[in-house]
Amino acid sequence: MSQHSLVNQDSNDAMVQLRSVAYFFAVLYFFLTLAHFFFLQDDFKWVLVTSALVTATVSFMLGRMAAHISSAQQSLGILALLVMGTSNSLLHLWLSHAPEQTTNIFVTIIASGIVLSNRYHWVAAILFNWLGWITVNFVLEMPLVQHFFFAMSMSTLLSWFAHLARKNVVAKQIELKQERDIAIQHEMEAKAATEAKSAFLANMSHEIRTPMNGVIGMIEMVARSNLNKDQADFIATAKRSADSLMIIINDILDFSKIEAGELAIELMEFDVDQFLSELVHDQQFQATKKGLLLDLSKPQSQQTRVVGDPYRIKQILNNLLSNAIKFTETGGINILYHLVHIDDYLRLDVEVRDTGMGISETALPFLFDSFSQADTSTTRRFGGTGLGLAISKQLCELMGGNISVESQIGKGSTFKFSIKLGVPTPLAPLSQQQHSASMPSFVHLRLLLVEDNFINQQVMLAILESIEVNVDVANDGLEAIDMLKQARPTTYDVILMDCQMPNLDGYEATRRIRAGDAGEVFSQIPIVALTANALTSEKQKCFDAGMNNYLTKPVEIESLKTILASYHKI
């Protein structure tokens with residue numbers, strides 16, 4: 001909420017009070033006018049009828065005009081209504097010479113305390129009532145003055161207490177509004193900080209992943225060429241180093257994405273037994289190299305197919321297993337898991353037990369904190385960012401679960417985590433079978449690559465040519481549109497569009513193509529985003545611009561082939 005909105009809110013509150021009092025007075029004095037008209041038989045009947053009618057009319061008009069009266073003058077409007085009410089009562093007392101009419105003044109005095117929080121306005125209202133009553137009684141020498149003086153005093157005392165209560169309520173409202181203003185200001189600052197963080201994260205993701213796409217892509221292409229044993233070893237070492245660097249980069253980006261609320265959990269069907277077996281198999285090499293036993297204990301369960309995010313589960317388990325292997329010198333690591341059916345969902349419980357060095361009791365409470373490790377020497381000896389367990393904890397919570405640890409120095413550690421998984425629908429296995437079908441040949445696929453970075457052009461050309469795709473290259477969005485304008489309708493089947501480019505970026509280029517700037521024939525051509533931004537919001541930004549699919553750098557060849565297969569005209 002903006003500061004302007006807060007001012008309007010305060011003005012509205014005061015307006016509501018004035019309008020309520022004004023309309024109440026209008027109704028009250030309208031009926032009082034009728035009462036005077038039908039029931040009074042005295043000579044002064046028409047004076048009181050006129051006075052009450054004028055008060056009702058003024059009150060109604062004031063209620064109608066309340067929205068146009070400044071908040072500073074709202075209390076003055078209420079005071080004016082009270083003064084008019086007192087004037088009617090004093091006039092009736094003066095004309096009727098009936099002491100009992102003083103009771104109307106009692107009501108006005110008490111009402112002044114209830115509706116007025118401004119001390120000066122309350123004093124003015126009370127003084128007007130007292131001075132008017134004393135003047136009438138002094139001039140007319142009214143009877144029972146002492147009796148009504150006591151009643152006036154008690155009314156004033158009650159009005160004082162009501163005024164204090166009203167003032168305290170208003171003071172508390174002001175205090176609460178100030179706290180609200182501060183809270184809203186902090187919320188706006190936090191929102192601005194989050195937006196700035198997201199923008200920084202998007203830029204960092206692009207700036208880091210773009211060169212890494214070139215490094216990893218070129219390593220993979222060299223690895224596919226004819227190499228002797230030494231060269232193959234060198235390339236394998238470079239590949240492992242690049243993969244290690246990508247793990248660190250992904251940890252930092254994932255942590256930032258979780259903090260910014262940008263990380264989304266995907267839902268797909270998979271076989272949990274097969275998934276865990278393959279995952280442990282991938283880690284077996286590192287365990288065997290250290291002489292450690294890596295064992296997976298499979299439960300006897302009829303339910304093995306589940307719906308969840310296998311990539312994020314793999315991220316959690318890879319982190320726990322790599323830590324267990326890293327910090328265990330002798331013995332081994334045992335993984336136990338089982339599925340529990342609860343209502344309409346499944347819960348996956350996993351334990352990773354190792355016989356490693358253990359964790360001290362003082363370090364355990366901070367183990368899942370960001371950038372935290374068991375001790376500072378750990379970083380120097382074993383490396384790592386200290387983000388892995390923090391990310392694992394947040395991923396478990398995002399998937400409706402939790403993670404914990406038990407450990408003893410010299411005996412080892414046991415990490416336990418649980419997450420919620422969905423129950424697959426009967427039709428899901430069919431799509432799984434279709435997905436696993438063999439990829440078609442891309443020899444007849446015609447593709448336009450829109451990429452401004454020369455290294456990334458070379459990487460993508462090498463990858464695409466290796467799977468026999470026919471490729472043309474445009475250096476930016478403007479050049480891509482020009483090439484489409486000059487092309488025949490059958491020239492291209494799909495476009496790979498980089499998002500951040502000079503002259504005309506991928507988002508605007510896509511919007512223009514969809515609008516027909518490149519020719520009506522290409523307005524519906526499939527466009528796949530090719531970007532280093534790995535944020536969920538960036539992905540949605542691509543779809544909003546009119547793109548059909550999304551690939552992140554470094555590009556995985558299998559993911560590229562899967563997407564191209566969906567647009568390939570066989």
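Presented here is an overview of the structure given in this document.

Here is what the cut-offs are and how they apply
Residues numbered from 1 in each chain as written. Predicted model: local features only at pLDDT ≥ 70, side-chain atom pairs only at ≥ 80, totals over all residues. Heavy atoms only, no water. Pairing = 2+ DSSP bridges. Helix = DSSP H or I, 4+ residues; strand = E, 2+ residues; numbered from the N terminus. Axes fitted to C-alpha atoms, helices over the stretch in contact; angles between N-to-C directions. Contact = heavy atoms within 4.5 Å. Salt bridge = Lys/Arg side-chain N within 4 Å of Asp/Glu carboxyl O. Buried < 20%, exposed > 50% of the residue type's maximum accessible area, 1.4 Å probe, protein only. Core = buried A, V, L, I, M, F, W, Y, C linked by side-chain atoms within 4.5 Å.

### Things to note about the sheet that holds strand E10 (residues 494–498)
Point 1. One open sheet holds the 5 strands; their spatial order is E9-E8-E10-E11-E12, and the pairing between them is parallel. Every interior strand has two partners, whereas the edge strands, strand E9 (470–474) and strand E12 (549–552), have only one. Between one strand axis and the next, the sheet turns by 20° as a mean value, whatever way the strands run.
Point 2. Sheet analysis places strand E11 (residues 527–531) next to E12, joined by 4 bridges and oriented parallel. Each residue of the ladder has a partner; that of Leu 530, found in E12, is Leu 551.
Point 3. Across the face of the sheet, helix H13 (residues 454–466) comes into contact with strand E8 (446–450), E9, E10 and E11 while running at roughly 165° to E9.

### Quick look at the pattern of salt bridges
Point 1. A full pass over the atoms with the stated rule returns 12 salt bridges.
Point 2. Across the pair Glu 406 and Lys 416 runs a salt bridge whose closest N-O atoms are separated by 3.5 Å. Remark: Lys 416 occurs in strand E7 (residues 412–421) and Glu 406 occurs in strand E6 (residues 402–408); sequence separation between them is 10 residues.
Point 3. Given a relative accessible area of 28%, Lys 416 falls into the partly exposed group.

### Overview of the sheet that holds E6
Point 1. Taken together, 5 strands build an open sheet; the order of strands is E2-E4-E5-E7-E6 and the sheet is mixed. Because the sheet does not close on itself, it has two edges, and the strands there are strand E2 (293–297) and E6. Taking the axes of each pair of neighbouring strands and ignoring which way they run, one obtains an average angle of 15° across the sheet.
Point 2. The pairing of strand E4 (residues 332–342) with strand E5 (residues 345–354) spans 10 bridges and is classified as antiparallel. When the sheet's bridge partners are listed, Leu 339 is paired in E5 with Leu 348.
Point 3. The sheet contacts of helix H8 (residues 272–289) involve E2, E4 and E5, and relative to E2 the element is tilted by about 175°.
Point 4. Together, E6 and E7 form the strand contacts of helix H11 (residues 388–398), whose direction differs from that of E6 by roughly 140°.

### Regarding the nonpolar core
The tendency in soluble globular proteins is for nonpolar side chains to be buried as a group.
Point 1. Ranked by internal contacts, the top residues of the largest apolar core, which has 45 residues, are Ile 333, Ile 335, Val 352 and Phe 417.
Point 2. Broken down by secondary-structure element, the contributors of at least two residues to this core are H8, E2, helix H9 (310–326), E4, E5, H11, E6 and E7.
Point 3. For this core, the element with the most residues is H9, which contributes 7 residues.
Point 4. Discounting chain neighbours no more than four positions away, the residues touching Phe 417 are Ile 316, Leu 317, Leu 320, Leu 348, Asp 349, Val 350, Cys 396, Asn 402 and Ile 403.
Point 5. In this structure, Ala 22, Leu 79, Leu 81 and Val 136 belong to the second largest nonpolar core, which totals 31 residues.

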